[in-house]
Amino acid sequence: MSSEYAILQLGDEKVELPIQIGTEGNRVIDIAKLYGETGYITLDDAFANTGATTSAITYIDGEKGILRYRGYPIEEIAERCEITETAYLLIYGELPTAEQLETFRTNIRAHKLLHEGMKTIFAGFPPDAHPMAILSSVVGALAIYCPDSLEPSDPQQCELAIFRMLGKMSTIAAFSFKQSIGRPFIYPQNNLTYCQNFLRMMFAVPSEEYEMDPDFVSALNLLLVLHADHGQNCSTSTVRMVGSSTVNLFSSVSAGICALWGAFHGGANEACINMLEGIHADNDNLGKHIDRAKDPNDNYRLMGFGHRVYKNYDPRATIIKETCHKLLEKNNLKNPIFEIALELEEVALSDSYFIERKLYPNVDFYSGIIYNLMGIPKQMFTVIFALGRLPGWIAHWREMHLAPGGMRIHRPRQLYTGSTERKFVPLIKR
Ligand code: SDX
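Quick caveat: nothing in here was measured; it's all calculated off a predicted structure.

Colleague: Account for the packing of aromatic side chains, naming residues and giving values.
Modeller: Evaluation of the coordinates by the stated rule reveals 16 aromatic pairs. Each ring, one from tyrosine 88 and one from phenylalanine 104, has its centre 5.3 Å from the other, and the planes form 85°; the classification is edge-to-face. Residue tyrosine 88 is found in helix α3 (residues 83-92), and its partner phenylalanine 104 is found in helix α4 (residues 98-109); the two are separated by 16 residues along the sequence. Its relative accessible area of 13% is what places tyrosine 88 among the buried residues.

Next up, the structure:
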């Protein structure tokens, strides 16, 4: 704790508020005792300027476009790490030794299968059910099928829940796709890597051998790693909020999946491809869409653009854009949707509306181009974001439960603006 204070003047009274300093030098005013000492709360719509917790997992400098997992630059992690290694780093705080990594992988593989009874849950969904809705429902149902790993205060049950969550989520994700296209489920195979397994469960059919493209395996790994954590974003904050009631990991993650689905968050990757395809269908009329995005009377927005924290290029978008170029060049392909995305970025970044507001492409702007190339249907884009984000959700849930001062339920206050006390009018007199 630093000895610095901020002074808040409330009428004649001066209140000293401690300043906490993060390891990267960021300073925050600690207002935890403000209400108790003064009766005042702070008001911060949409938590735009609120630090909800301390966290040692991910560092973001939105002004400079810097992202680090546990201190390691995202560029280095993306180039060198496999998703399970990244998950270990995020959850436990250090890069694993070869032995630790092998044990971690074995534990995840051991939990990839679903209880056979769970197949009936999938069967009950209509064929056009969105896979994100299926994912959150079936992940929520894990709390029914795994009753011996629900207690967050029991370290052994926590570890079991973590392995089960990491093992089963990719199986649930792939099954939700198979269900939506009416094809048989493909069971996981333990001799495959995490990404190989997922692609096989997605695209193999029992009647044929499945050959996978190693470039797609690497691209999927890259996308999962890039999505693995991002501080106190909406879905992670949801996982923390829900988890703070001491509910189990499965229910907390299920809530996070729901939060991710919205188009202002992870759902932007699907919405972005829909937008780019819409522009293409509209004779590549970029100007019309840019004008609509700038119109204050139109709630249309450029999807995959803008960010609460980044006021610079999202470093993940830089890597994804480069990967689009590489994959397309290697396969000697031209992709009209990618061409539109590039042009849209160029036009937007030279337009004063976007420059003044510091709106740049975010992680969701180019990712759909790669998913498209891999043959992954649009409705699965956000499911893959969820698969990537899972280690981050788990890391935050675990960090919250292990917090040195103990965990408290999350419970924001409000400024009440409704009616003052009034007299009840009986139904007959209204
Ligand atoms: C993710 O938080 C995370 O870390 C999220 C994420 C993660 O990894 O977890 O990075 C993943 O969710 C990425 C974001 C995906 N969403 C989109 O791409 C949807 C489109 N973008 C936005 O709607 C918006 O930019 C948000 C939701 C991302 C951020 O919203 P903010 O911080 O509340 O910003 P704002 O809505 O207050 O916008 C500020 C100004 C406004 O103009 P003015 O009222 O000041 O005139 O910028 C404008 C907005 O109208 N603006 C846009 C715009 N985004 C913001 N105008 C046109 N197109 C856009 N995309």
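Continuing now.
Colleague: Help me get a handle on the environment of valine 247, residues and values and all.
Modeller: Residue position: valine 247 is located in the loop between α10 (234-243) and α11 (249-261). In the structure, valine 247 is positioned 97 residues away from leucine 150 in sequence and 7.6 Å away in space, judged by C-alpha atoms. Here valine 247 is in contact with Pro152, Val242, Ser252 and Trp397, once residues within four sequence places are set aside.

Colleague: Any details on the site of the ligand? Residues and values, ideally.
Modeller: Lining the immediate environment of the ligand, one finds 23 residues, of which His230, His307, Arg308, Arg316 and Arg389 sit closest. Here an oxygen atom of the ligand and a side-chain polar atom of arginine 308 are 2.7 Å apart. Contact between the ligand and arginine 357: an oxygen atom at 2.9 Å from a side-chain N or O atom of the residue. Contact with the protein chains covers 75% of the free accessible surface of the ligand, which is 1,100 Å². Residues of the shell around the ligand, tallied by class, amount to 10 nonpolar, 7 polar and 6 charged.

Colleague: Could you give an account of the sheet that holds strand β3 (residues 27-29), naming the residues involved and the relevant values?
Modeller: The strand order across the open sheet built from 3 strands is β1-β2-β3, with neighbouring strands paired in antiparallel fashion. The open sheet terminates on both sides in strands that have one partner only, identified here as β1 (5-10) and β3. Each strand axis lies, on average, 30° off the axis of its neighbour in the sheet, ignoring direction.

Colleague: An account of helix α14 (residues 315-330) is needed here, citing residue identities and associated values.
Modeller: Between the first and last C-alpha of α14 there are 23 Å, a value that for 16 residues agrees with the 22 Å anticipated at 1.5 Å per step. Every buried residue of α14 is listed here: Pro315, Arg316, Ala317, Ile319, Ile320, Thr323, Cys324, Leu327 and Leu328. Residues of α14 that are buried sit in contact with β5 (66-69), α2 (74-80), α9 (214-226), α15 (336-349), α17 (363-373) and α18 (381-401). Note on α14: the residue one or two positions beyond its end, asparagine 332, has a positive phi of about 55°.

Colleague: I'd like to hear about the nonpolar core, residue by residue, with values.
Modeller: Counting 117 residues, the largest nonpolar core has Leu135, Met165, Met169, Met275 and Leu302 as its most contacted members. If you tally residues by element for this core, the top one is helix α7 (residues 155-181), at 12 residues.

Colleague: Residues and numbers for the pairing of β1, please.
Modeller: Here β1 runs beside strand β2 (residues 13-21); their pairing, made up of 6 bridges, is antiparallel. If you follow isoleucine 7 over to β2, its bridge partner there is glutamate 16.

Conventions used here
Residues numbered from 1 in each chain as written. Predicted model: local features only at pLDDT ≥ 70, side-chain atom pairs only at ≥ 80, totals over all residues. Heavy atoms only, no water. Phe/Tyr/Trp six-rings, centres within 6.5 Å; stacked < 30°, edge-to-face > 60°. Helix = DSSP H or I, 4+ residues; strand = E, 2+ residues; numbered from the N terminus. Buried < 20%, exposed > 50% of the residue type's maximum accessible area, 1.4 Å probe, protein only. Contact = heavy atoms within 4.5 Å. Near = heavy atom within 4 Å. Polar contact = N/O pair within 3.5 Å; in protein donor to acceptor, adjacent residues only side chain to side chain. Areas by Shrake-Rupley, 256 points an atom, 1.4 Å probe, with all protein chains shown as cover. Nonpolar A, V, L, I, M, F, W, Y, C, P; charged D, E, K, R; others polar. Pairing = 2+ DSSP bridges. Axes fitted to C-alpha atoms, helices over the stretch in contact; angles between N-to-C directions. Expected span 1.5 Å × (residues − 1). Core = buried A, V, L, I, M, F, W, Y, C linked by side-chain atoms within 4.5 Å.

These values are about where atoms sit, not about what they do.
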